[in-house]
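Residue strings, one per chain:
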Amino acid sequence: MNSDLDLLKQFGADLGPPTEHVPEALRRRVLDQPALREPALRQRGLRELRLREPAPGQPRLSRPSRIRRRISSGARWVGAIRPSWRLTGVAATALVLAAVTAVALVGPPVRARRPIAGPSAGSIGGSTGGPSTAAQTPTQLLRLAAARVAVAPEPTVRPNQFVYLQSVAVYQDIYLDGGWSARGIPTLVREWRSVDGTHDGLIRRRPLNAPNATWVTETTPGCRGGTLSGAGRTACTPAPGYAGGLPTTGDAMYGYLYRPGTDDLPMQYAAQISADERAFERAASALSLGQTSPAVQAAVFAALSMVPGVTVSNGVTDVSGRPGVALVHKGPDRTTQLIFDPDTYQYLGMTQTLAELLSVDKAPDIALRLVTQQAFEQVSIVNRVGELP
Amino acid sequence: VISGSTDADAGTEALLASRADPRLFATLYDRHAAQLYRYAYQRVGAQTAEDLVADTFLAAFTQRDSFDPNRAPARPWLFGILTRKLARHHRTEQARYRAFARSAPDPEAVDGPADQIAARVTAVAVRAPLARALGQLSAGDRDVLLLIAWSDLSYDEVSTALDIPLGTVRSRLNRARRKVREALGGVDPTLDPEVEQ
């Protein structure tokens, strides 16, 4: 039976490779692509670092081992605003700890790049220009930043347009054992977010210092008719790329930053983060997502003035090498900096250092520091996905 | 004809998880690279196979957000991508079949246990007509036949991979097998090892 198929199978065996071994060069060719060696970058601004429990069936490790496993085995950013991207049911298997880390602590800074640019001067978070008064306190810094966006007009956008964001980020895993760390590659990221969240967006990445490198392209599905584009019956809610549906008054933003919930962070990890820390991190996310909206930025600045424990640090540098002044919140195991241009007080990006995890596991011989950096270079509104301003 | 369901599930899981952490894409590669490479090698030879499989995985990576796990596992999805890429190399594939059709392997070179020699001699003897038959099939018929014969995809998986109805899979397979049998002399050659000699 099936004699012709049997002969065909035998013929296929004769035509096949001499061994079952797949060339190692092929594996390297596929898996050495920078995009396949980095933690996920579905960045709609600062994403909070999340830890996950082991997948069902995986052995529970001792606490030091669990920390090591979390650091070494994977990483992910979780959308702070766009739950439709989480796909938690399918992505919960092996994903543990996410980190976009920076080389600032282990290598020379990236060359200085041009200041952040808007589509037209002042139209979307554009600089008002001119010298400014030096900020010495958080209140001064926030007032200066608020004053800057107060004079910026709210742009007119259409639902079918896209928010274009260009940023620089560096990805890196840091392993606990022996304090070893690996340098990440500065990556240029171009992202197109659907204004109303129903159109497919796009993310393109390439190594920052390799202009001729091939862009790695990733489609971010829009949410149409309650289901995620191209993902079968995956339910979703459209997440507008413009302002992200964020509050536009200080009080409302304050309530948003201190809203209940752990943002999908397992409770045992969430308990290690204070409400103020979480509010500050959420503020960083809101600033990133709201870059196209002066009203949202002003609301964040107003709300941040009510967050306790915030300080100012001068003389900082962002991942693009630009000098800045930072609004800093230091918690027990993490320090978050929101970096502003020291002259114009335009928001440039953020740096977050996750540290002192060793205190969680009472393992003082293990040094750990995870640094997250993102620097925004250009923000604009374009008509088509993939279109450059 | 379904095979490797556990691996297929693990590969699907890895593909989905790679949306959040691209490094998990390596698991998908490790699950399916050998099958894809073998299939591509069979159809277009070593060098082109390596290019096509690399392109297939990179395409899968960039398209992973559009993968629908409710429709099919990762394996037929990957074979679908590979098949579309193979279509651009039909000349290479045809040349490969022509070369095999012209070759005259020596059945005397076959060695092994006695009970396997007869079947092996038959297989060697029918290589030329099989190669000719494959080269003369339409691309659609050949894709269906070889996905089933060489990659052990089920009818459902072939339907998914090629994005064609199940009935079309069956009709293409029947047509392709009929032509292959005709090329072999219209009889079952395994019943008579001498038929092609």
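Note that the structure is a prediction, hence the values are computed from the model and not measured.

Definitions and limits used
Along each chain, residues carry numbers from 1 onward, in the same order as the chain's sequence is written. Here every chain gets a letter starting at A, and every ligand a number starting at 1, in the order they are written. Thresholds applied to this predicted model are a pLDDT of at least 70 for local features of residues and 80 or more for the giving and counting of side-chain atom pairs; totals over whole chains, interfaces and linings are not thresholded and use all residues. Based on all heavy atoms of the structure, the side-chain values leave hydrogens and waters out of the count. Numbering of helices and strands runs from the N terminus; a helix is a DSSP stretch of H or I covering at least four residues, while a strand is a stretch of E covering at least two. Contacts were defined at the residue level, with two residues in contact if any of their heavy atoms lie within 4.5 Å. To measure how exposed things are, a 1.4 Å probe is used in the Shrake-Rupley method; for residues, cover is taken only from the protein chains shown. Each residue's exposure class comes from its accessible area (1.4 Å probe, protein chains only) as a fraction of the maximum for that residue type: buried when under 20%, exposed when over 50%, partly exposed otherwise. Interaxial angle, 0 to 180 degrees, is taken between N-to-C directions of lines fitted to C-alpha atoms, where a helix line uses only the stretch in contact. Roughly parallel means an angle under 35 degrees; roughly antiparallel means over 145; roughly perpendicular covers 65 to 115; every other angle is labelled oblique. Under the grouping applied here, Gly and all other residues not named as nonpolar or charged are polar, the nonpolar ones being Ala, Val, Leu, Ile, Met, Phe, Trp, Tyr, Cys and Pro and the charged ones Asp, Glu, Lys and Arg. DSSP-based pairing: two strands are paired if at least 2 bridges between them are found. We call a crossing left-handed when the near helix sits turned anticlockwise from the far one by less than a right angle, and right-handed when that turn is clockwise. Expected helix span is given by 1.5 Å per residue-to-residue step, counting one fewer step than there are residues. In this context, the arc is that of the directions from the helix axis out to the C-beta atoms. Salt bridges are identified by distance alone: a Lys or Arg side-chain nitrogen within 4 Å of an Asp or Glu carboxyl oxygen. In protein, a polar contact means a hydrogen-donor-capable atom and an acceptor-capable atom, both N or O and within 3.5 Å, with residues adjacent in sequence counting only if both atoms are side-chain atoms; elsewhere, any N or O pair within 3.5 Å suffices. In this text, buried Ala, Val, Leu, Ile, Met, Phe, Trp, Tyr and Cys residues form a nonpolar core when linked through side-chain atoms within 4.5 Å. A score from 0 to 100, pLDDT tells how confident the predictor is in each residue.

Help me understand the overall build of chain A in this model?
What chain A contains, in helices and strands, is 10 helices and 11 strands. Of all intrachain contacts in chain A linking residues separated by at least 6 positions in sequence, the fraction that spans at least 24 positions is 65%. If you sum the accessible surface of chain A, you get close to 15,200 Å²; carbon and sulfur atoms cover 55% of it.

Would you explain the overall build of chain B in this entry?
Within chain B one finds 10 helices and zero strands. Each helix (α) and strand (β) of chain B, taken in turn from the N terminus, gives the series α-α-α-α-α-α-α-α-α-α. Classification of the 197 residues of chain B by burial places 54% in the buried group. Once local pairs closer than 6 in sequence are excluded, the contacts in chain B between residues at least 24 apart make up 67%. Of the accessible surface of chain B, which amounts to about 8,400 Å², a share of 48% is contributed by carbon and sulfur atoms.

For this particular structure, what's the right way to read the packing of helix H9 (residues 155-162) of chain B against helix H10 (residues 166-183) of chain B?
The packing of two helices is summarised by the inter-axis angle and the distance between the axes. Residue and element names in this part refer to chain B. Remark: H9 packs on H10, axes separated minimally by 9 Å, with the N-to-C direction vectors making an angle of 105 degrees. Considered as vectors, H9 and H10 are oriented roughly perpendicular to each other. Contacts between H9 and H10 involve Tyr155, Asp156, Val158, Ser159 and Leu162 from the first element and Leu166, Val169, Arg170, Arg172 and Leu173 from the second. Within the contact of H9 with H10, the residues separate by chemical class into six nonpolar, one polar and three charged.

So what exactly am I meant to see when it comes to the pairing of strand S4 (residues 216-220) of chain A here?
Here is the key point about a regular strand: its side chains alternate between the two faces of the sheet. Residues and elements named next belong to chain A. What you see with S4 is a clean split: Val216, Glu218 and Thr220 sit on the buried side and Thr217 and Thr219 on the side with no burial. One ladder, built from five bridges, connects strand S3 (residues 201-207) with S4; its direction is antiparallel. Across the sheet, the residue bridging to Gly201 is Thr220, located in S4.

Looking at this structure, I do not really get the packing of helix H4 (residues 74-86) of chain B against H9(B). What am I missing?
Residues and elements named next belong to chain B. Put simply, H4 and H9 touch, their axes get as near as 7 Å, and they point 50 degrees apart. Comparing their axes, H9 and H4 come out oblique. As H4 packs across H9, the resulting crossing turns out to be right-handed. Across the interface between the two elements, Arg75, Pro76, Phe79, Gly80, Thr83 and Arg84 from H4 touch Glu157, Thr160, Ala161 and Leu162 from H9. A per-class count over the contact of H4 with H9 returns four nonpolar, three polar and three charged.

Can you help me understand helix H5 (residues 138-150) of chain A in this one?
For an α-helix, the turn length of 3.6 residues means that residues three or four places apart are oriented alike. Residues and elements named next belong to chain A. Under the 1.5 Å per step criterion, the end-to-end length of H5 is 18 Å for 13 residues, consistent within 8% with the ideal 18 Å. Those residues of H5 lying buried are Leu141, Leu142, Ala145, Arg148 and Val149. The buried residues of H5 occupy one face: seen down the axis, they fall within an arc of 120 degrees. In H5, those exposed residues whose orientation departs by more than 90 degrees from the buried face are Arg143 and Ala150. Tucked into the core, H5 has its buried residues touching helix H9 (294-304), strand S7 (310-317), strand S8 (323-330) and strand S9 (334-340).

Which parts of the structure should I look at to understand the pattern of salt bridges?
Side chains carrying opposite charge are able to pair once their charged atoms draw close together. Under the defined criterion, the tally for this structure stands at 18 salt bridges over all chains. Measuring nitrogen to oxygen at the nearest pair gives 2.7 Å for the salt bridge that ties Arg322(A) to Asp318(A). Across the pair, Asp318(A) and Arg322(A) agree in class, each one buried. If you follow the salt bridges from partner to partner, you end up with Arg43(B), Glu93(B), Arg142(B) and Asp143(B) in one network.

What is the right way to read unusual backbone geometry from this model?
Excluding glycine, residues mostly carry a negative phi; peptide bonds, for their part, are mostly trans. Positioned with a positive phi, Asp152(B) is a non-glycine residue whose angle comes to about 60 degrees. Notably, Asp163(B) is not glycine yet its phi reads approximately 55 degrees, a positive angle.

Is there a simple way to explain the environment of Ala49(B) in this structure?
All names here are of chain B. You can see Ala49 is positioned in helix H3 (residues 46-62). Take Ala49: its relative accessible area is 0%, and that puts it in the buried class. Expressed as a C-alpha distance, the spacing of Ala49 and Tyr39, which sit 10 residues apart in the sequence, is 8.2 Å. Non-local contacts of Ala49, meaning those with residues more than four positions away in its chain, are made with Tyr37, Ala40, Tyr41 and Val44.

Can you walk me through the environment of Ser194(A) in this structure?
Residues and elements named next belong to chain A. Its location among the elements puts Ser194 in strand S2 (residues 185-194). Judged by relative accessible area, which is 5%, Ser194 ranks as buried. Spatially, the C-alpha atom of Ser194 lies 9.9 Å from that of Val382, the residues being 188 residues apart in sequence. Not counting residues within four places of it along the chain, the set of residues in contact with Ser194 comprises Gln161, Phe162, His199, Ala239, Pro240, Gly241 and Tyr242. Among the polar contacts listed, one links the side chain of Ser194 to the backbone nitrogen of Thr198, at a separation of 3.4 Å.

Before we go on, may I ask you to explain the nonpolar core in this structure?
Nonpolar side chains tend toward joint burial in soluble globular proteins. Formed by 66 residues in total, the largest nonpolar core has its most connected members in Leu8(A), Phe25(B), Phe57(B), Leu134(B), Leu145(B) and Trp150(B). It is helix H2 (residues 25-44) of chain B that provides the largest number of residues to this core, a total of 10 residues. Excluding residues that lie within four positions of it along the chain, Leu134(B) makes contacts with Leu8(A), Phe11(A), Tyr97(B), Arg142(B), Leu145(B), Leu146(B) and Trp150(B).

Would you mind showing me how to read the confidence of the model for chain A here?
Should pLDDT be low for a region, the predicted coordinates there are not to be read in detail. Looking at chain A, pLDDT values average 68 and 60% of them are 70 or higher. Here residues 39-132 of chain A scores under 50 on pLDDT; set against residues more than four positions off or in separate chains, the count is 285 contacts.

Sorry if this is basic, but what is going on with the pairing of S3(A) here?
All names here are of chain A. The buried count for S3 comes to six of seven residues, which makes it a mostly enclosed element. Pairing of S2 with S3 involves six bridges; the strand directions are antiparallel. Along S3, the bridge assignment pairs Val189 with Arg205. Count of turn residues in the S2/S3 antiparallel hairpin: six residues, of which Gly197 carries a positive phi of about 80 degrees.

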